[in-house]
Number of protein chains: 2
Amino acid sequence: MKIILDAMGGDNAPQSTVEGAVLAARELGAEVILVGRESDILACLDRAQSSDVTDKLEVVNAPDVIDMCDSATSVTKEKKDSSLAVGLRMLGEGKGDALVSGGNTGAVLVGSTMYVKRIRGIRRAALAPIIPTGKGGSLLIDCGANVECTPEYLLQFAYMGSYYFEKQMHRADPTIGLLNNGAEESKGTPVLRETYALLKKAHEAGRINFVGNIEGRDVAFGAADIVLCDGFTGNVLLKTYEGVGMYFVGEMKKMFKKSAFSKLAALMVKSSLMEFKQKLDYKEVGGAPLLGISKPVIKAHGSSDAHAVKSAIRQAMEYADSHIIESIVENIEHMTLEPKAQ
Amino acid sequence: MKIILDAMGGDNAPQSTVEGAVLAARELGAEVILVGRESDILACLDRAQSSDVTDKLEVVNAPDVIDMCDSATSVTKEKKDSSLAVGLRMLGEGKGDALVSGGNTGAVLVGSTMYVKRIRGIRRAALAPIIPTGKGGSLLIDCGANVECTPEYLLQFAYMGSYYFEKQMHRADPTIGLLNNGAEESKGTPVLRETYALLKKAHEAGRINFVGNIEGRDVAFGAADIVLCDGFTGNVLLKTYEGVGMYFVGEMKKMFKKSAFSKLAALMVKSSLMEFKQKLDYKEVGGAPLLGISKPVIKAHGSSDAHAVKSAIRQAMEYADSHIIESIVENIEHMTLEPKAQ
């Protein structure tokens, strides 16, 4: 199995991506194709003292780089020779089994759709990170790819999220909760009410495990394995989660720094503190799969360090090894609605 | 000044509401009209040993009670003789200066609009609680009254939130942030992009202090004094905030209970822990004003205890004493859009 890595994508690239690839090759036996500016990559490989894994790493030159300030469509227009565009074309052509990029999210979305294509029948691809919860983690789908969604998009996200969670998190029959402003079936916008009805029908047919509407306050306690919402709401939820988390960690630090006593207190609970921080750490989780694309694409966090890149490569290997995409293809008839009569 | 209190509204009513009214009369010199089942209220007053403040408390009988499971419209239909309906009619008729209710939120919204009426020109009333942040607190508007909003509603919320925050929080020229899925002007739904343009125009005219789009992760750090969004998004944000907060507090408790060492550590930082918990405590804040109604209405938290009811009464007194509603009336021309040509 070969993982294509956008070596230029991310705040700390290519240093972090190259080091991550070396770690993945060494610790996971991964075969990685590093796509990007060849001379830069080779210099980083040299610094990373990677001679023991040379046979597992391949470098493919791509002269251009997509920045965070480039438009999403640059990947198919001005920057067709960027590491991301070259890598995605290679994935589309079968020259690798999965792709990892920590670059511009919009460009990853557009490039994946254009060069790798969506699964036939899937209307939109969705970004689906794992967020930490009291029960170990839930999949948030969509977290930002689609600002506005139709009931059909959301129904498809429910199925795709469910297949992904089951295979990657090894939990059978995962629960799906529709994020809403109340538990009652009548809550939310017309789109959400229609989605509720579709999910209920799929649940009654035994195809998914829909547990009804869930509220923002239930998410952190792991009320559902799959938290289903449009990309706008998912983005607000994810970032609020991050923000409140960072705020709390900051307040705790301040609390522990106040006096000699509290510094001593911090030492006493140090291991618990570390464990707690780790729960909130995206570096352990890797990245977010772009579900709905016909081959595995993982969007790593922009600020990924080598360890996070390695986690994302492991996640890509597991994704490529699972049969998630096949499950989606086999069940596509249940996820598509008849076009409405005009 | 007289505050009308829906004595039957809330999980712990009428015990908590009566005790809260006694505290408010005793500590704040408040005059309170308790509306609800007279015999129940009198029994609670008796238990509360309130003889020192008898002259400040008045009881008005209302035989019916709206429960949490009643529909929002019951306040104007089946339950016209409920404590909430009677209290709101009294407010509309000028028999009190403000109203506090910890009851059914939907019924408070519907009843306020029907019996007290919106300010002329205001399209929708909005619920606007203060949420705790690193900078002391921000006003979240709307947090659930209006699932879907037009740009005009949001523009009006921005003005109303701004006037309220300035007067009640004593901070001049409060900043307004539009909650969005990115900082760029082009982000979000068409409604949000149109709202952005309206806010920018109002800012350039020197009428409000609009600081642009803000993201979920910025909220906890106090990026804006007013966090502006539709009621659906506000509800998700508020409940996620609460959920993550409760989760953290729970994790901290677990951490401190692990061993004798960590219990000792907890003792060492006890005062900081209390301070931290207090920051997150809605009981200190009181309730959420229903902005846009022609008289002050405060929605208290359903689980308010006596202390929280007292805080909500204080908040109602301050609201009635301010000139927030007059400011809205005086500036209504800047908040209303010309009807679009069809």
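Source: prediction; values computed, not measured.

Caption draft 1: View of the interface of chain B and chain A. Counting residues at the interface gives 49 residues for chain B, matched by 48 residues for chain A. Buried surface at the junction of chain B and chain A, summed over both partners, amounts to about 4600 Å²; 74% is from carbon and sulfur atoms. Three residues stand out in chain B for area buried against chain A, namely Phe232, Tyr247 and Phe248 of chain B, and they jointly supply 15% of the buried area on that side. Between chain B and chain A we count four salt bridges in total. A salt bridge links glutamate 242 of chain A to arginine 217 of chain B; its shortest N-O distance comes to 3.1 Å. One can count six residue pairs in polar contact (both at pLDDT 80 or more) joining chain B with chain A. Among the elements of the structure, helix 6 (190–204), helix 7 (216–219), helix 8 (231–257), helix 9 (260–268) and helix 10 (270–279) of chain B are those that each provide at least two residues to the side of chain B that touches chain A.

Caption draft 2: A look at the sheet that holds strand 1 (residues 2–6) of chain A. Residue and element names in this part refer to chain A. Pairing is mixed across the open sheet formed by seven strands, whose spatial order is 3-2-1-4-12-11-5. Of all the strands in the sheet, the pair left with one neighbour each is strand 3 (57–61) and strand 5 (126–127). Sheet topology note: the strand 11 (residues 287–291)/strand 12 (residues 297–300) ladder contains three bridges and is antiparallel. Among the inter-strand pairings, proline 289 is bridged to a residue of strand 12, identified as isoleucine 298. Where helix 1 (residues 15–28) meets the sheet, its contacts fall on strand 1, strand 2 (31–36) and strand 3, and the angle it forms with strand 2 comes to roughly 170°. Its contacts with the sheet place helix 2 (residues 38–47) against strand 2 and strand 3, and it is angled at close to 155° to strand 3.

Caption draft 3: Structural context of the environment of cysteine 69 of chain B. Tracing the backbone through its elements, the reader meets cysteine 69 of chain B in the loop between strand 3 (57–61) and helix 3 (83–92). Sequence separation of cysteine 69 of chain B and asparagine 104 of chain B is 35 residues, and the distance between their C-alpha atoms is 8.1 Å.

Caption draft 4: The packing of helix 1 of chain A against helix 12 (residues 306–321) of chain A, seen in detail. All names here are of chain A. Contact geometry of helix 1 with helix 12 gives a least axis separation of 7 Å together with a crossing angle of 55°. In terms of orientation, helix 1 lies oblique with respect to helix 12. The way helix 1 lies across helix 12 gives a crossing that is right-handed. Note on element contacts: helix 12 touches helix 1 through Ala306, His307, Val309, Lys310, Ile313, Arg314 and Met317, opposite Ser16, Thr17, Glu19, Gly20, Ala21, Leu23, Ala24, Glu27 and Leu28.

Reading the values: rules and limits
- Once a new chain begins, its residue numbering starts again from 1 and follows that chain's sequence as written.
- Note on labels: chains are lettered from A, ligands numbered from 1, in written order.
- Residues qualify for local features only when their pLDDT is at least 70, as the model is predicted, and side-chain atom pairs are given and counted only at 80 or more; totals for whole chains, interfaces and linings, by contrast, use all residues.
- Each side-chain value is worked out from all heavy atoms of the structure, with water and hydrogens disregarded.
- In this analysis, two residues are considered to be in contact whenever any of their non-hydrogen atoms come within 4.5 Å of each other.
- Accessible-area loss on putting two parts together, using a 1.4 Å probe and summing over both, is the definition of buried area adopted here.
- For salt bridges, the criterion is a side-chain nitrogen of Lys or Arg within 4 Å of an Asp or Glu carboxyl oxygen.
- In the analysis that follows, any N or O atom pair within 3.5 Å is treated as a polar contact, provided that within protein one partner can donate a hydrogen and the other can accept it, and provided that, for residues neighboring in sequence, both atoms belong to side chains.
- Helix numbering and strand numbering both begin at the N terminus, where a helix is a DSSP run of H or I of at least 4 residues and a strand a DSSP run of E of at least 2.
- Any two strands with at least two DSSP bridges between them are considered paired.
- Inter-axis angles, ranging from 0 to 180 degrees, are taken between N-to-C directions of lines fitted to C-alpha atoms, where helices are fitted over the stretch in contact.
- An angle below 35 degrees is treated as roughly parallel, one above 145 as roughly antiparallel, one from 65 to 115 as roughly perpendicular, and anything else as oblique.
- We call a crossing left-handed when the near helix sits turned anticlockwise from the far one by less than a right angle, and right-handed when that turn is clockwise.

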